[in-house]
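# Report on the structure
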Amino acid sequence: LHVSFAGIMSAEVDSGKNFRSAYYGSLGFREEEKVINQLDALLKEEPIDILKLQDFCLKHSLPLFYRSLVWKLLSKYEPVHKDKETYKFIISQRREEFHDLKSALRVIESSQTICHISLKTSSPNHSLKAEDIVTMYCIQHDILNIIHYSDRVDLCAMAQPFLEWYKDEMDVYYVFSGFASLWSSIFHLENMIKEFYHFLYNLDPLVYHHLESLQAFSSIPFNRWYGSCFASDLPLAELEILWDRVIAGSWVVVIFVSLSIVLYYKRQLLMTSNYKNLPEKDSSLIVQQGLEMWMTMEVTNIFHHTRKVNNFSNI
């Protein structure tokens, strides 16, 4: 990559612009700088406008430095008001509730009433495991005795990434809880599968009819993909990019990632009906293609598929 520092310095003298901004612009980072400035402005509002923040996340992947805070806000864990007394009061209430939930967890564990779930991974940074986080969530939402085993498995898969992303266990719990509550409010497996068929038919009728003729749709792991919001399949780096959109309220973006997987393996699928697990080395490209297809649908509205559910824009 060749950069003309003389040209940059000359421009600085003429325009008085910040040297660092000009340098990053020459490297192609100017657009990213605009995105960061836009996000900075949103986070400085009093109170922070959650609807604007959702709209931002639907259009952009969050910069790494901001993701933790933005997710806390969108999960309704972090207060939108900057007033110190209000903030202190809300967080103290959260902390008290969190400790009560942990105490309830220990009581239930001692009575051995939990159906334990075996996970492939755990986090050495936390005393709480994904299963513990899910149990606390079930206690808080009064579903411990009615939740299906398969739903617990999906929630555990969904909780595990938060143990990797957040150091503080209270942050882990409340951001997961907000995300899981959102997903449960907009997730409907049968509808999502129907939409998958609809979009695949429009995007690639050849693949659609081929899979239909072989009755191969039943081999696609919709339950795992959609139930865990891809937590069971995607590496953390790609998962957080996808979840930037989900935590802002979009469930259709998840469908487009699944479409991207199927279309990525188009050649293999046309020769067979077998689905193979998503190779980690290809996941970045697959997620990116899924997001691009989803954004194209959003911008052109080619499928006339804009909906409002629970005050979230599910496009």
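Residues numbered from 1 in each chain as written. Predicted model: local features only at pLDDT ≥ 70, side-chain atom pairs only at ≥ 80, totals over all residues. Heavy atoms only, no water.

This paragraph deals with the pattern of salt bridges. Following the criterion strictly, the structure yields 10 salt bridges and no others. Note that glutamate 169 is salt-bridged to lysine 102, the shortest N-O span being 3.5 Å. Placement of the pair is glutamate 169 in helix α9 (residues 169-186) and lysine 102 in helix α6 (residues 84-111), with a sequence separation of 67 residues. A relative accessible area of 15% places glutamate 169 in the buried class. Here the salt bridges do not stand alone but share partners, grouping Arg67, Glu240 and Asp244 into one network. (Salt bridge = Lys/Arg side-chain N within 4 Å of Asp/Glu carboxyl O. Helix = DSSP H or I, 4+ residues; strand = E, 2+ residues; numbered from the N terminus. Buried < 20%, exposed > 50% of the residue type's maximum accessible area, 1.4 Å probe, protein only.)

Before going further, it helps to examine the environment of glutamate 190. Note on placement: glutamate 190 falls in helix α10 (residues 189-203). Owing to a relative accessible area of 55%, glutamate 190 belongs among the exposed residues under this scheme. Placed 33 residues apart in sequence, glutamate 190 and asparagine 223 show a C-alpha to C-alpha distance of 9.7 Å.

In this section: helix α13 (residues 236-246). Counting buried residues along α13, 8 of its 11 residues qualify, which places the element largely inside the surrounding structure. Taken residue by residue, α13 has Glu238, Leu239, Glu240, Leu242, Trp243, Asp244, Arg245 and Val246 as its buried positions.

Another point: the packing of helix α8 (residues 149-165) against α13. Where α8 meets α13, the axes come as close as 11 Å, and the angle between the chain directions of the two elements is 105 degrees. Viewed along their axes, α8 and α13 adopt a mutual orientation that is roughly perpendicular. Seen from α8, the contacting residues are Met158, Pro161, Phe162, Glu164 and Trp165; seen from α13, they are Leu236, Leu239, Glu240 and Trp243. (Axes fitted to C-alpha atoms, helices over the stretch in contact; angles between N-to-C directions. Parallel < 35°, antiparallel > 145°, perpendicular 65-115°, else oblique. Contact = heavy atoms within 4.5 Å.)

Below, the discussion takes up the environment of tyrosine 173. Relative to the helices and strands, tyrosine 173 resides in helix α9. Residue class for tyrosine 173 comes out buried when judged on its relative accessible area of 0%. As for tyrosine 173 and leucine 163, which are separated by 10 residues in sequence, their C-alpha atoms are 8.7 Å apart. Each residue touching tyrosine 173, except ones within four places of it in the same chain, is listed here: Phe98, Leu101, Ile133, Met136, Tyr137 and Gln140.

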